[in-house]
There are 2 protein chains.
Amino acid sequence: MTLKTYSQNCGLASALDVVGERWSLLIVRTLLVGPARFNEIQAQLPGIGTNLLAARLKYLARWGLVEKQTGRQGSYRLTEKGYSLRPILHQLARWGREFVPATGIENHPWWSMFNIESAFRPERADGLDAVIEFEMAESEFHLVIRKNTCRVAAGPALSADVIVKSDSPSIFVGGGSRLQITGDSAMFDRVRPCFDL
Amino acid sequence: MTLKTYSQNCGLASALDVVGERWSLLIVRTLLVGPARFNEIQAQLPGIGTNLLAARLKYLARWGLVEKQTGRQGSYRLTEKGYSLRPILHQLARWGREFVPATGIENHPWWSMFNIESAFRPERADGLDAVIEFEMAESEFHLVIRKNTCRVAAGPALSADVIVKSDSPSIFVGGGSRLQITGDSAMFDRVRPCFDL
DNA sequence: CCGCATCCGAATAGATACTG
DNA sequence: CAGTATCTATTCGGATGCGG
């Protein structure tokens, strides 16, 4: 676990000592939507080994980014410090969008939701209040826009202004992902340009 | 390199495929102050092997973050895309500052300047115009604050409002780094709170 | 020297099998 | 289900060599 630290008197180097190793930031991304169990995290990270995931979680916990929920439902959740990476990961995600290859990659519903959240530009929201539900083949999320912030949550919304429905298990999968938009279409037209997509 | 890509349809994962490997972001940090030659970069990255540095530079060039200057003075410089990482690295540096260990780490002048630049909070500058010169034992930098932005440059300033002088080769070295402030002290008092330090 | 390619021991990652 | 143990493949770090 980074017994190889950079040992530089620099916030960036120390940040990388904590979250710079392979998988670490993707684990944080996975937990941004809420606590998850070991296997749920692993399912979001195709290719990670159980040993590495265990080591990373332990390491992130050691630095106070992640907490292990005790008792039944034993799961991992981000601490405040962990959640404070959210805006940074959003920026990185926007920065990296042009590098996403067009083919040969996997799609997961949560990834697309995270990228939608990343694409939100608060300066365009102008106080807008809206709830958008996303219904994909096997999962549901909803987006809450309020006070110039945008947050994704798992599951259906209590009451949605707009519903976006996709046949595929994820959004953004090329090809057959035709989207159906239902609900308040004026609201959709206001919400749409708040996202850099 | 990174033949092991995450292969996820996600901007964050792709960003990490490009700059997520060891040393990559520190190379970008090094070049933020301006073009540098191979050995100059290496000098800023204690512990990196020449082979790795060469490989990373080639990889970053392949993705269009770095350009190799041809001809005499052959050096490496960031492209626009490379420079666009600056605000992200600033955020990461501020995030990681609390993880910087108190002892057992190296100090380089440029690292401390980068961290000062990272600590600048534009919303507090309120249109302030100022130039601050930093004179350390073996190097000089200057900070230009204008239009609510802050930028570090190498070398002395043409005309500085404030001069910060340090006996040690770097600022922020614990212990013997006593700072001498000379120049417009009213200006210094206005500038100081613009930095989260 | 400077920029890099090569080689080698050590550390990390990936895959799979195994255990409470 | 939640990991640990083990083995193999890859990458890293450091030293060395070599052409410009």
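Residues numbered from 1 in each chain as written. Chains lettered and ligands numbered in written order. Predicted model: local features only at pLDDT ≥ 70, side-chain atom pairs only at ≥ 80, totals over all residues.

## Here's the deal with the interface of chain A and chain B
Thinking step 1. Opposite the 40 residues of chain A that make contact, chain B presents 39 residues.
Thinking step 2. When residues of the side of chain A that touches chain B are traced back to their parent elements, those giving at least two are α1 (11-19), α2 (24-31), α6 (86-96) and α7 (109-119) of chain A.
Thinking step 3. When grouped by side-chain class, the residues that make up the side of chain A that touches chain B number 22 nonpolar, 13 polar and five charged. (Contact = placed C-beta atoms within 7 Å. Helix = DSSP H or I, 4+ residues; strand = E, 2+ residues; numbered from the N terminus. Nonpolar A, V, L, I, M, F, W, Y, C, P; charged D, E, K, R; others polar.)

## Points about the protein's contact with DNA strand D
Thinking step 1. Around DNA strand D sit 19 residues, and of these R37, N39, N51 and A54 of chain A together with G49 of chain B come closest.
Thinking step 2. Listing elements by their share of the surface near DNA strand D, those giving two or more residues are α3 (38-43) and α4 (50-62) of chain A together with α4 (50-62) of chain B. (Near = placed C-beta within 6 Å.)

## Thoughts on the relation of the copies chain A and chain B
Thinking step 1. Of the transformation placing chain A onto chain B, the axial shift is 0.0 Å and the rotation is 180°, giving an RMSD of 0.0 Å. Viewed as a symmetry operation, the transformation between the two copies matches a two-fold axis.
Thinking step 2. Same-surface contact between copies: 98% of interface residues of chain A are shared with the interface of chain B. (Least-squares fit on C-alpha atoms with pLDDT ≥ 70 in both.)

## Let's talk about the protein's contact with DNA strand C
Thinking step 1. Neighbouring DNA strand C are 18 residues, the closest being G49 of chain A together with R37, F38, N39 and N51 of chain B.
Thinking step 2. Contributions of two or more residues to the surface near DNA strand C are made by α4 of chain A together with α3 (38-43) and α4 of chain B.
Thinking step 3. Residues belonging to the surface near DNA strand C are distributed by class as follows: five nonpolar, eight polar and five charged.

## Things to note about α6 of chain A
Thinking step 1. Every buried residue of α6 of chain A is listed here: I88, L89, H90, L92, A93, W95 and G96 of chain A.
Thinking step 2. Contacts from the buried residues of α6 of chain A go to α2 and α7 of chain A together with α1 (11-19) and α6 (86-96) of chain B. (Buried ≥ 20, exposed ≤ 12 C-beta atoms within 10 Å, placed from the backbone.)

## Considerations on the packing of α1 of chain A against α6 of chain B
Thinking step 1. In contact at an axis separation of 7 Å, α1 of chain A and α6 of chain B are set at 75° when each is read in the N-to-C sense. Taken together, the axis directions place α1 of chain A and α6 of chain B in an arrangement best described as roughly perpendicular. Together, G11, L12, S14, A15 and V18 of chain A of α1 of chain A and L89, L92, A93, R94, W95 and G96 of chain B of α6 of chain B make up the contact between the two elements.
Thinking step 2. Considered class by class, the residues forming the contact of α1 of chain A with α6 of chain B number seven nonpolar, three polar and one charged. (Axes fitted to C-alpha atoms, helices over the stretch in contact; angles between N-to-C directions. Parallel < 35°, antiparallel > 145°, perpendicular 65-115°, else oblique.)

## Observations regarding the sheet that holds strand β3 (residues 130-135) of chain B
Residue and element names in this part refer to chain B.
Thinking step 1. Taking strand neighbours across the sheet as the criterion, the five strands line up as β5-β4-β3-β6-β7 in an open arrangement whose pairing is mixed. A strand with exactly one partner marks an edge of an open sheet, and here the two such strands are β5 (149-154) and β7 (179-183). Geometrically, the sheet is characterised by an average inter-axis angle of 20° between neighbouring strands, direction not taken into account.
Thinking step 2. The sheet contacts of helix α7 (residues 109-119) involve β3, β4 (140-146) and β5, and relative to β5 the element is tilted by about 170°. (Pairing = 2+ DSSP bridges.)

## Quick notes on unusual backbone geometry
Residue and element names in this part refer to chain B.
Thinking step 1. In this structure, S7 takes a positive phi of about 55° despite not being glycine.
Thinking step 2. You can see S7 is positioned in the segment before α1.
Thinking step 3. Take S7: there are 16 C-beta atoms within 10 Å of it, and that puts it in the partly exposed class.
Thinking step 4. Residue W23 is not a glycine yet carries a positive backbone phi of 80°.

## So, the sheet that holds strand β5 (residues 149-154) of chain A
Residue and element names in this part refer to chain A.
Thinking step 1. With mixed pairing, five strands are arranged side by side in an open sheet as β5-β4-β3-β6-β7. In this open sheet, the two edge strands, each paired with only one partner strand, are β5 and β7 (179-183). Adjacent strand axes in the sheet meet at a mean angle of 20° when their direction is disregarded.
Thinking step 2. Along the sheet, α7 contacts β3 (130-135), β4 (140-146) and β5; its crossing angle with β5, the most-contacted strand, is approximately 170°.

## Observations concerning the environment of L92 of chain B
Thinking step 1. When you line up the elements, L92 of chain B lands in helix α6.
Thinking step 2. In sequence terms L92 of chain B and L25 of chain B are 67 residues apart; their C-alpha atoms lie 11 Å from each other.
Thinking step 3. Dropping the residues within four chain positions of it, L92 of chain B is found in contact with L12, A15 and I88 of chain A.

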